[in-house]
Amino acid sequence: MEACTKVTKEWLNTQEYRVKNFAREKLVINPAKACQPLGALFCSLGIEGSLPFVHGSQGCAAYFRSTLSRHYREPVAAVSDSMTEDSAVFGGQSNLIEGLKNANALYSPKVISMFTSCMAEVIGDDIKAYLGNAKDQGAIPQELPVALANTPSFKGSHITGYDTMLKGLIDCLAEPRQEDKLNGRLYIVPGFDPYTANLREYKRLLQVMDAPYTLLPDQSEVLDAPNLGTYELYPGGTTITEMKDALNAPCFLCLQTYSTPTTQKYLAAKEIPVKAISMPIGIGGTDKFIEAIAQFTGKEVPGEITNERGRSIDAMTDAHQYIHGKKFALFGDPDILMGLVSFLLEMGGEPVHILCTNSTPLFKKAMEGLLASSPYGQGGTLYAGKDLWHLRSLLVTEPVDMLIGDSHGKWAARDADIPHVRVGFPITDRVNLHRYPIIGYSGVINLITMIVNTFLEEKDRTSTDTYFEMMR
């Protein structure tokens, strides 16, 4: 038995198995994505007084909450109307009405963010009609806002659900646009960003730039609240007042190109100027973010920002030799991959395997263009729609020096015997990484620190006594 197992393991590392692995069409093994309702829940947490409401089974809600709690190590509030087998036969209207009544009575939300899971979508529940019936029956007050999002788990991904829920929240809460009453605030949409420190860094940079802004949504306090000895159900988020005034913004700036297309189209249809830029990771990406803010305010970039940029350039220079020429494999969401690949190219790193399960045609074209723009990207390949079992075959047959991605990549990294730097979502086997920004000029320094120190730790770990030196 052991001999058979050994032979099988050895065969899994061959080029022959890689060809068979990439030939499969009907089976997905460990996709590098989560489902739509998880993204919807995450989005809804970023609004003041918002209670996420899952129209679906209790087990689904528990999965979404536990995944977010394991990443942030924080409690995540959400409710479910606990659909069961009888709901699959008779529909989930009675569950929804009873659930809304109980949720409002127990938790007094300012807004309920309702989204669906697989069961409700498969049987075709009409949540808009059910909501109307719930209000007509007095289960909840007529004036209580309830944002709706259809988020079937069997298509799309967590970023799709985030986008759909964000559009639903704006549609529910925002008052009609009045061109003569524009609020002068830049509305910043961070996209599905699992780093609370990124959100705080955006706000800090905007304050330094003296830009009037609203971050929409803002989970930074909700998912990284201070421990003051008492639990607060609704500790922060974009205010209801700012949500009501959202359509009076002179401009929306989306900081992820591929995670909010539905929201962008919705805003454009309202004749609101929308600009989307890449997630500001690396020097080039951060420069574009700063330029966009300066263009909005019409003010010069402050010296404080210029000095921050200079320090990050200095850090790049100090550590350049440790990344230059190294080969990398990466996986994750489209926007974070664009930022990470751009950063590696700036450092002379060579992104070889880039895997994106929830890729889109636009992202594929953009990534291939980015790789082609640099001599360090010529050997890079984007594997669109592939999963982490595909990634394992790539790592063991075409080795690289490091894997960058979330915690789910640890098994492939171990099998390939390469170091693994955790970036993305979810990160469940390391602590506090969501509290270190990877965007902005400070994010450049943090990424360099994580990647280079991991290389140096690996060098020390595997070094013989002869080469176990103080200086690296």
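Within each chain, residues carry numbers counting from 1 in the order of the written sequence. Owing to the predicted nature of the model, reporting of local features is limited to residues with pLDDT of at least 70; listing and counting of side-chain atom pairs is limited to 80 or more, with chain, interface and lining totals taken over all residues. Derived side-chain values reflect all non-hydrogen atoms in the structure, with water molecules and hydrogen atoms excluded from consideration.

Colleague: Looking at this structure, I do not really get the layout of surface pockets. What am I missing?
Modeller: The gaps of empty space that remain are located by a probe, the size of a water molecule, rolled over the atoms. Computed over the protein atoms alone on a 1 Å grid, cavities are sets of points where a 1.4 Å probe fits but cannot get out and pockets are open sets with protein on both sides within 12 Å along at least five of seven lines; a residue lines them when it has an atom within 4 Å of a point. Grid points are joined across faces, edges and corners, and a volume is the space filled by probe spheres set on the points. Considering only enclosed or pocket space, the largest pocket measures out at about 400 Å³ in volume. Lining the largest pocket are 23 residues, with Glu74, Ala225, Tyr231, Glu232 and Pro235 positioned closest to its centre. Of the residues assigned to the lining of the largest pocket, the class counts are 15 nonpolar, six polar and two charged. Two domains each put at least three residues into the lining of the largest pocket: domain 1 (36-173) and domain 2 (186-225 + 232-303). Together, 27 residues line the second largest pocket, and Lys33, His158, Asp406, Phe425 and Pro426 are the ones closest to its centre. When contributions to the lining of the second largest pocket are tallied by element, the ones reaching two or more residues are α4 (58-72), α9 (158-173) and α15 (334-346). Only DSSP runs of H or I reaching four residues or more are called helices, and only runs of E reaching two or more are called strands; each is numbered from the N terminus. Counting residues per element, the lining of the second largest pocket draws most heavily on α15, at three residues. The classification used treats Ala, Val, Leu, Ile, Met, Phe, Trp, Tyr, Cys and Pro as nonpolar, Asp, Glu, Lys and Arg as charged, and all other residues, Gly among them, as polar. Split into classes, the residues belonging to the lining of the second largest pocket amount to 14 nonpolar, nine polar and four charged. Domain boundaries shown here were taken from an automatic or database domain assignment.

Colleague: What exactly am I supposed to notice about the pattern of salt bridges here?
Modeller: Once their charged atoms are close, side chains differing in charge can pair, the charge on each being opposite to the other. Here, a salt bridge means any side-chain nitrogen of Lys or Arg that lies within 4 Å of a carboxyl oxygen of Asp or Glu. Going through the model one piece at a time under the given rule, you end up with 22 salt bridges. One salt bridge connects Asp415 with Arg392, and the closest N-O pair in it is separated by 2.8 Å. With Asp415 in helix α18 (residues 410-416) and Arg392 in helix α17 (residues 388-397), this residue pair connects regions lying 23 residues apart in the sequence. Classification of residues uses two cut-offs on accessible area relative to the type maximum, computed with a 1.4 Å probe and protein chains only: under 20% is buried, over 50% is exposed, and between them is partly exposed. Given a relative accessible area of 40%, Asp415 falls into the partly exposed group. Each of Glu74, Arg200, Glu221, Asp224 and Arg435 takes part in one network of salt bridges that share partners.

Colleague: I'm lost on α9 in this one. Help?
Modeller: Given 3.6 residues to a turn, an α-helix orients residues that are three or four positions apart in the same direction. Working rule for helices: expected span equals 1.5 Å times residues minus one. Given a rise of 1.5 Å per residue, 16 residues ought to cover 22 Å, and the 22 Å separating the end C-alpha atoms of α9 matches this to within 8%. Within α9, twelve of the 16 residues are buried, which leaves it mostly tucked inside the rest of the structure.

Colleague: I'm lost on the UniProt feature "domain: Nitrogenase/oxidoreductase component" (unreviewed entry) in the protein chain in this one. Help?
Modeller: UniProt positions are given in the numbering used here, feature names are shortened, and annotations may be inferred rather than shown by experiment. Under the present numbering, the feature "domain: Nitrogenase/oxidoreductase component" (unreviewed entry) in UniProt falls on residues 35-455. From the first C-alpha to the last, residues 35-455 spans 33 Å; its make-up is 47% helix and 13% strand.

Colleague: I'm lost on the side chain of Gln264 in this one. Help?
Modeller: With respect to the helices, strands and loops of the structure, Gln264 is situated in helix α12 (residues 261-269). We classify Gln264 as buried; its relative accessible area is 17%. What makes two residues a contact is simply this: any of their non-hydrogen atoms within 4.5 Å. Excluding anything up to four places from it in sequence, Gln264 contacts Cys254, Gln256, Thr257, Val274 and Ala276.

Colleague: Looking at this model, I keep getting lost on the nonpolar core. Mind explaining?
Modeller: Taken as a class, soluble globular proteins show a tendency for nonpolar side chains to be buried jointly. Among the nonpolar cores identified, the biggest contains 64 residues, and Phe289, Met367, Ile404, Val423 and Ile451 are the most heavily contacted of them. Broken down by element, this core gets its largest block of residues, nine residues, from helix α19 (residues 440-462). For this core, the domains that each give at least three residues are domain 2 (186-225 + 232-303) and domain 3 (320-462). Residues in contact with Ile451, not counting those within four places in the same chain, are Ile323, Phe328, Phe343, Leu344, Met402, Ile404 and Val421. The next biggest cluster of nonpolar side chains, apart from the first, holds 45 residues, and it includes Tyr162, Ile170, Phe252 and Leu267. In this description, a nonpolar core means a group of buried Ala, Val, Leu, Ile, Met, Phe, Trp, Tyr and Cys residues linked to one another through side-chain atoms lying within 4.5 Å.

Colleague: I tried to follow the sheet that holds strand β1 (residues 50-55) on my own but got confused; where do I start?
Modeller: Adjacent strands of a sheet pair through backbone hydrogen bonds, lying either parallel or antiparallel. Across the sheet, which stays open at both edges, the four strands sit in the order β2-β1-β3-β4 with parallel pairing between neighbours. In the strand order of this sheet, the two ends are held by β2 (79-80) and β4 (146-149), each with one partner. Pairing of strand β3 (residues 111-116) with β4, which is carried by four bridges, proceeds in the parallel orientation. Counted as the bridge partner of Ser113 is Ala147 from β4. Here the axes come from fitting lines to C-alpha atoms, over the contacting stretch only for helices, and the angles between their N-to-C directions go from 0 to 180 degrees. Packed onto the sheet, helix α3 (residues 36-44) meets β1 and β3 and runs at close to 170° relative to β3. Between any two strands, pairing holds if DSSP finds at least two bridges.

Colleague: Please clarify how the domain arrangement of the protein chain should be interpreted in this entry.
Modeller: Size of an interface: often given as the accessible area lost when the parts come together. What the domain assignment lists for the protein chain is domain 1 (36-173), domain 2 (186-225 + 232-303) and domain 3 (320-462). On a C-alpha basis, the centroid separation for the pair domain 2 and domain 3 is 25 Å. Facing 22 residues of domain 2, the contacting portion of domain 3 comprises 30 residues. Interface of domain 2 and domain 3: buried area, both sides summed, is about 2200 Å²; carbon and sulfur atoms make up 63% of it. Buried area is understood as the total, over both parts, of accessible area removed when two parts are fitted together, assessed with a 1.4 Å probe. Three residues, Tyr195, Tyr258 and Ile281, lead the burial of domain 2 against domain 3; their summed loss comes to 36% of the area buried on that side. Between the two partners, domain 2 and domain 3, sit one salt bridge. Close ionic contact of Arg435 with Asp224 constitutes a salt bridge, the shortest N to O distance being 2.9 Å. Polar contact is defined as a pair of N or O atoms within 3.5 Å, subject to the rule that within protein one atom must be able to donate a hydrogen and the other to accept it, and that residues adjacent in sequence are counted only when both atoms are side-chain atoms. Taken together, the connections running from domain 2 to domain 3 amount to 15 residue pairs in polar contact (both at pLDDT 80 or more). Among the secondary structure elements, those contributing two or more residues to the side of domain 2 that touches domain 3 are α10 (196-208) and α13 (282-297). Sort the elements by how many residues they give to the side of domain 2 that touches domain 3 and α13 lands first, with six residues.

Colleague: Would you take a moment to explain the side chain of Thr286 for this structure?
Modeller: Here Thr286 is to be found in helix α13. Side-chain polar atoms of Thr286 contact the backbone nitrogen of Gly440, separated by 3.5 Å.

Colleague: Mind showing me how you'd approach the pairing of β1 here?
Modeller: The side chains of a regular strand alternate between both faces of the sheet. Within β1, six of the six residues are buried, leaving the element largely enclosed by the surrounding structure. Residues Ser50, Pro52 and Val54 line one face of β1 and the alternating positions Leu51, Phe53 and His55 line the opposite face, and both faces are buried. Regarding topology, α4 serves as the crossover connection from β1 to the parallel β2, and that connection is right-handed. Throughout, right-handed denotes a crossover for which the path from the first strand over the helix to the second runs clockwise when the strands point away from the viewer.

Colleague: Please clarify how the environment of Thr466 should be interpreted in this entry.
Modeller: In this fold, Thr466 is placed in the segment after α19. Residue classification places Thr466 among the exposed residues on the basis of a relative accessible area of 63%. Taking the C-alpha atoms as reference points, Thr466 and Glu121, separated by 345 residues in sequence, lie 63 Å from one another.

Colleague: Got a minute to help me understand α12 in this structure?
Modeller: Looking only at α12, the buried set comprises Thr263, Gln264, Tyr266 and Leu267. Taken end-on, α12 shows its buried residues confined to a sector of 160°, consistent with a single buried face. Exposed residues pointing more than 90 degrees away from the buried face of α12 are listed as Lys265 and Ala269. Of the surrounding elements, those touching the buried residues of α12 are α9, β7 (251-254) and β8 (274-276). Directions pointing from the helix axis toward each C-beta atom define the arc.

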